[in-house]
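Residue-level structure breakdown
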Amino acid sequence: MPLPMPPTTLSCPKCGWHKTVVPKSDVLIEGHTWFTVCPQCGHAELERKEANGLSGLVAEVQQRFEIWQKKRAK
Ligand SMILES: [Zn+2]
């Protein structure tokens, strides 16, 4: 059984964009809950670091809300 990935803060070294995401296998949506390129400037090498407890928790709640909104919009 794979361990879940911890909440991760993605940040762009070029323009300063950053977002904390909670990667879960069922909700990995490129450009929404996961980013491989910066959505602001298109820089492809985002820095990743493990989020601290609080920002991870906040991100998880935000992410659930975003997904809920997305489902609701259909
Ligand atoms: Zn950027």
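That block above? That's the structure.
Throughout, residues of each chain are indexed from 1 in the direction in which the sequence is written. Per-residue local features are limited, in this predicted model, to residues with pLDDT of at least 70; the limit for side-chain atom pairs, both in listing and counting, is 80 or more; totals at the level of whole chains, interfaces and linings are taken over all residues. The side-chain numbers reported here are obtained from all heavy atoms of the structure, hydrogens and water having been left aside.

Concerning the nonpolar core
Within the largest apolar cluster, 8 residues are counted, these being L10, C12, W17, V21, W34, F35, C38 and L46. Any two residues whose heavy atoms approach within 4.5 Å are treated as being in contact. Not counting residues within four places of it along the chain, the set of residues in contact with C12 comprises W17, C38, C41, H43 and L46. Put simply, buried Ala, Val, Leu, Ile, Met, Phe, Trp, Tyr and Cys residues joined by side-chain atoms within 4.5 Å make one nonpolar core. Classification of residues uses two cut-offs on accessible area relative to the type maximum, computed with a 1.4 Å probe and protein chains only: under 20% is buried, over 50% is exposed, and between them is partly exposed.

Considerations on the coordination of the zinc ion
Any two of four tetrahedral donors ideally make an angle of 109.5 degrees at the metal, while pairs among six octahedral donors ideally make 90 or 180 degrees. The protein atoms donating to the zinc ion are C12 (SG), C15 (SG), C38 (SG) and C41 (SG), with metal-donor distances spanning 2.3 to 2.4 Å. A 2.8 Å cut-off from the metal defines N, O and S donors, relaxed to 3.2 Å for Na, K and Ca; water is not in the atom list, so some sites may appear incomplete. Here the metal geometry follows the donor angles, with tetrahedral for four donors whose angles all fall between 85 and 135 degrees, square planar for four and octahedral for six when opposite donors are more than 155 degrees apart and every other angle is between 65 and 115, and irregular for all the rest. Bound by 4 donor atoms, the zinc ion shows angles of 103 to 113 degrees at the metal and therefore tetrahedral coordination geometry. Coordination of the zinc ion draws on donor residues from a single chain, spaced C-x2-C-x22-C-x2-C in sequence. Here C41 lies in the loop between β2 (18–21) and β3 (47–50) and C12 lies in the loop between β1 (8–11) and β2, a separation of 29 residues in the sequence. Relative accessible area serves as the criterion here: at 4%, C12 is assigned to the buried category. Since its relative accessible area comes to 35%, C41 is described here as partly exposed. Numbering of helices and strands runs from the N terminus, with a helix taken as a DSSP run of H or I at least four residues long and a strand as a DSSP run of E at least two residues long.

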